[in-house]
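Per-entry structural report
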Amino acid sequence: MTEIQTKVEITFEDFKAEVLNDYKIATISRECSLLGRREVLTGKAKFGIFGDGKEVPQLALAKAFKNGDFRSGYYRDQTFMMAIGAMTIEQFFAGLYGHTDINFDPMSAGRQMGGHFATHSLDENGNWNNLTTQKNSSADISPTAGQMPRLLGLAQASKIYRNVSGINQTNFSENGNEIAWGTIGNASTSEGLFFETINAAGVLQVPMVMSVWDDEYGISVHARHQTTKENISEILKGFQRDTNSKGYEILTVKGWDYPTLVATYEKAAAIAREEHVPVLIHVKELTQPQGHSTSGSHERYKNAERLAWEAEFDCLVQLRTWLIENNLATAEELEAMDEQAKKEVLEGKKAAWKAFVTPMKEEQNELLEVLKSVANSSENKIFIEKIISDLAAIKEPIRKEILTTARKVLRMVVNETSIKTPLATWITNYTAKIQPKFSSHLFSQSDKNVLTSTDVAPTYDASAEEVDARLVLRDNFDAIFTKYPESLIFGEDSGNIGDVNQGLEGMQEKYGELRVADVGIREATILGQGIGMAMRGLRPIAEIQYLDYLLYAIQIMSDDLATLQYRTSGRQKAPLIIRTRGHRLEGVWHSGSPMGMIINAIRGIHVLVPRNMTKAAGFYNTLLEKDEPALVIECLNGYRLKEKMPTNLGEFKTAIGVVETIKEGTDITLVSYGSTLRLVEQAAKELENIGINAEIIDIQSLLPFDINHDIVKSIAKTNRLLVIDEDLPGGASAYILQEIIETQNGYNYLDSAPQTLASKAHRPAYGTDGDYFSKPSVEDIFEKVYAIMSEANPTQFKSLY
């Protein structure tokens, strides 16, 4: 076991000072909640959701929380953030107002509503901070229980750092001594993600401490409608460890009992930190004095008896009573502290509001000067002066009002060129300055982003043999695991049997069960394992067995992983690689290709669609040198096809966002990807026999898409375009077509209408015939191209039907 530090003895005066400081923090937090609600109701903020009623247990949590630890919680944890020194009063209100400057709202730079907390894992250049010397909070998301899968990975990272040799732990871990602390409301424990994570953590035996804040309600819905027996710790008793089996330590404590809370959290921390055993703390008898949020009042659904109980057992009221009864403070002293807290919060609120509105007032005044100049020279002076007056009358403008005004005036001077130009320039410059405050960091802006990738071709011996393509993947993974000690892979059947297609054959035996691991059937938490470990400096590859199964994890991918860099304005990252396989299998549930859904749900994650295993291996090699998450979809029917074995395994790279022309032609451009490309190639051969010379382009990467605009260069030569895709109609093919026609201006070069060929609107039926009549076939491609050419030249290509 790893030795843990014991707390040194302190004097009574030191103890008293510490306890009174806790009371001060809790009182300030409560006053922030009360004043925050008023800010919403007066219209200064859009929405508020606060941590009132949960202050005292969060103080206890903060005492047990050490440098290097991670929090994965939810939007009630403001007291905790204040207690660990990660949030000030001003920052609390900056988040409430949506201040877009990360120096004022370090949680999200105004991109999330208040109550969503984060610390900075990265510096302004995207480089890792030393996470072991700071207290860490992974960035919150609103979806209920959505924090749970990530929590599992944050905890598992400690297990990896403690038990896998050869990893450079600098900046990330002190021998795996870190705990991942989770928080959740009792109602959200009804979510499947909660139970999936609880089960997985018990199986993995990771240092996770899960706190359930129980105030008996989920918005207006009482616990009797949420939880069997109305008690989450009661129904999880089967997870309690004993002398014969591993499991959880389950602890219960009243949320208003300060000394017992402190002792409980110290006990939980010792178990998790030393033994790497997960702990669940059910914090009961909590209250929510202002109700769920600013969108309603809890008096509508709580009866008088409940409201009276809440007033008596409010954790701050009980803490106050305990302090007085134990002669730690007098009522008068606490009243003075309450008044001081109100003063500090009010001053902090005023400072935050001033910092929020001042830049916009300056921008307002700047525009007013421009508009006055425009008005003085315009034939529409009288109308523009009215608009100027309206803008000037706004005491606390927002940027929408500023820019809307400028754009409306621009329309009024559209025919007055000398006047219009300075205003148009101001609008362009203002938009370029302001837009990034709301749009930056969807992807990495560091020097390790994927757009810096370059192609490194595989090399071959003169005698290179053709092997089953899965062996190219296997041997490349072998090279990866040797080159990157911090890399690991896990998924259903990934370990013992070497994945269902043998792409990891022998890897577990060589690298151990922690680096090449089997997991249960639980896709959402497979993703969560990857997210959390990637946030702590490891390089995980999370394997989802088939593309169809990705739907179980799509919410976590979309709401958590895809938005991480964006919602922290570039101050957290999780360069997770998601490996899956798909396309052209048999039957409704194993042959889906929901690419349109995927690319529109996970903007912020790169989507890579290699046509063979060498290309896929090249993507893995590229991604491990970059700092962004990506989904790699291997061709399910390609593992047994033959490919040459490269000599530079682990080193060759497939550039991301770059298409490849795999056959040149002059008559039409055929654009596709993945398994369908083989059908396109076969159709192109048959078309060539009748005098149609098609150019074939492999997209390779859907996100990003053709960053060099090479497809439009092909269309400029062929003047015709067909996009072939096995997604449903209107799916990925529609996205591809928009990119080519709109972004690349491909319409300029077309002599025929651009067309798409997708699957039928239903899921593919079972069997070979099911595939043939559901998805594009060689004959479908041939006839679609032929019809396009027949329309252009009906004399040479007479109608088939």
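Shown above is the structure to which this text applies.
These figures come from a predicted structure and were not determined experimentally.

1. What about the sheet that holds strand 20 (residues 701-703)?
Taken in spatial order, the seven strands make up an open sheet running 11-10-12-13-15-14-20, and their pairing is mixed. Strand pairing shows two members of the sheet lacking a second neighbour, strand 11 (516-518) and strand 20, which therefore form its edges. With direction set aside, neighbouring strand axes in the sheet form an average angle of 20°. Direction of pairing for strand 12 (residues 539-543) relative to strand 13 (residues 577-582): parallel, over a ladder of three bridges. Note that in strand 13 the partner of Ala-542 across the bridge is Ile-578.

2. Observations regarding the pairing of strand 8 (residues 279-284)
Burial runs high along strand 8: five of the six residues are buried. Bridge count between strand 7 (residues 249-254) and strand 8: six bridges; the pairing is parallel. Bridge assignment links Val-253 to a residue of strand 8, and that residue is Val-283.

3. Quick word on the pairing of strand 15 (residues 630-635)
With six of its six residues buried, strand 15 lies for the most part within the structure. Residues of strand 15 alternate between two faces, with Ala-630, Val-632 and Glu-634 on one and Leu-631, Ile-633 and Cys-635 on the opposite face, all of them buried. Relative to strand 15, strand 14 (residues 606-608) is paired through three bridges, and the arrangement is parallel. Its bridge partner being in strand 15, Leu-608 is matched across the sheet by Val-632. Assessed by its sense of winding, the connection that carries the chain from strand 14 through helix 22 (residues 613-623) to strand 15 is right-handed.

4. Here's the deal with helix 4 (residues 89-97)
The element helix 4 is largely enclosed, with a buried count of eight among its nine residues. Tucked inside the fold, the buried residues of helix 4 contact helix 1 (12-41), helix 3 (78-83) and helix 11 (331-377). Following helix 4 by one or two positions, Gly-98 adopts a phi angle in the positive range, close to 80°.

5. Focus on the pattern of salt bridges
Under the counting rule described, the total for this entry stands at 48 salt bridges. Among the salt bridges present, the one from Arg-306 reaches Glu-310, with a minimum N-O distance of 2.9 Å. With a gap of four residues between them, Arg-306 and Glu-310 both fall in helix 9 (residues 304-313), about one helical turn apart. Each member of the pair Arg-306 and Glu-310 is classed as buried. When the shortest N-O distance is used, the salt bridge between Asp-478 and Lys-510 registers 2.9 Å. A residue pair is termed long-range when its members are at least 10 positions apart, and Asp-478 in helix 16 (residues 469-483) and Lys-510 in helix 17 (residues 507-511) qualify at 32 residues. Assessed through its relative accessible area of 51%, Lys-510 is described here as exposed. Salt bridges sharing partners connect three or more residues here, namely Asp-499, Glu-543, Arg-579, Arg-581 and Glu-634.

6. A few points about the sheet that holds strand 19 (residues 694-698)
Backbone hydrogen bonds are what pair the strands of a sheet, in a parallel or an antiparallel way. Pairing within the open sheet is mixed, and its five strands lie in the order 17-19-18-21-22. In this open sheet, the two strands that pair with only one neighbour each are strand 17 (660-663) and strand 22 (755-757). Strand after strand, the sheet turns through a mean of 25° between neighbouring axes, direction not considered. Pairing of strand 21 (residues 721-724) with strand 22 involves three bridges; the strand directions are parallel. Bridge assignment links Leu-722 to a residue of strand 22, and that residue is Gln-755. Set on the sheet, helix 25 (residues 732-743) makes contact with strand 18 (668-672), strand 21 and strand 22; between it and strand 21 the angle comes to about 150°. Sheet strands in contact with helix 27 (residues 778-792) are strand 18, strand 21 and strand 22, and its direction is about 165° off that of strand 22.

7. What about the nonpolar core?
Grouped together as the largest cluster of nonpolar side chains are 118 residues, with contacts concentrated most on Met-595, Val-607, Leu-702, Ile-736 and Ile-740. In terms of residue count, helix 5 (residues 147-163) provides more of this core than any other element does, eight residues in total. Excluding anything up to four places from it in sequence, Val-607 contacts Met-595, Ile-598, Ile-599, Ile-602, Leu-631, Ile-633, Ser-701, Leu-702 and Leu-703. Formed by 70 residues, the second largest nonpolar core is a distinct cluster that contains Met-81, Ile-84, Met-87 and Leu-316.

8. Side note on the packing of helix 11 against helix 12 (residues 381-392)
Between helix 11 and helix 12, the shortest axis-to-axis distance is 9 Å and the interhelical angle comes to 165°. Viewed along their axes, helix 11 and helix 12 adopt a mutual orientation that is roughly antiparallel. Crossing handedness for the pair helix 11 and helix 12: left-handed. Between helix 11 and helix 12, the residues in contact are Gln-364, Leu-367, Leu-368, Leu-371, Lys-372, Val-374, Ala-375 and Asn-376 and Lys-381, Ile-384, Glu-385, Ile-388, Leu-391 and Ala-392, respectively. When its residues are assigned to classes, the contact of helix 11 with helix 12 shows nine nonpolar, two polar and three charged.

9. Some words on unusual backbone geometry
Phi is mostly negative for residues that are not glycine, and the peptide bonds are mostly trans. The peptide bond linking Leu-703 to Pro-704 adopts the cis configuration, its omega dihedral lying at -5°. Residue position: Pro-704 is located in the loop between strand 20 and helix 24 (710-718). Here Glu-216, not a glycine, exhibits a phi torsion of approximately 75°, which is positive. With respect to the element layout, Glu-216 can be found in the loop between strand 4 (208-213) and strand 5 (217-218). Judged by relative accessible area, Glu-216 falls into the partly exposed class, the value being 31%. Positive phi outside glycine occurs at Asn-327, with the angle close to 55°.

Criteria and thresholds
- Residues numbered from 1 in each chain as written.
- Predicted model: local features only at pLDDT ≥ 70, side-chain atom pairs only at ≥ 80, totals over all residues.
- Heavy atoms only, no water.
- Pairing = 2+ DSSP bridges.
- Helix = DSSP H or I, 4+ residues; strand = E, 2+ residues; numbered from the N terminus.
- Axes fitted to C-alpha atoms, helices over the stretch in contact; angles between N-to-C directions.
- Buried < 20%, exposed > 50% of the residue type's maximum accessible area, 1.4 Å probe, protein only.
- Right-handed = clockwise from strand over helix to strand, strands pointing away.
- Contact = heavy atoms within 4.5 Å.
- Salt bridge = Lys/Arg side-chain N within 4 Å of Asp/Glu carboxyl O.
- Core = buried A, V, L, I, M, F, W, Y, C linked by side-chain atoms within 4.5 Å.
- Parallel < 35°, antiparallel > 145°, perpendicular 65-115°, else oblique.
- Left-handed = near helix turned anticlockwise from the far one by under 90°.
- Nonpolar A, V, L, I, M, F, W, Y, C, P; charged D, E, K, R; others polar.

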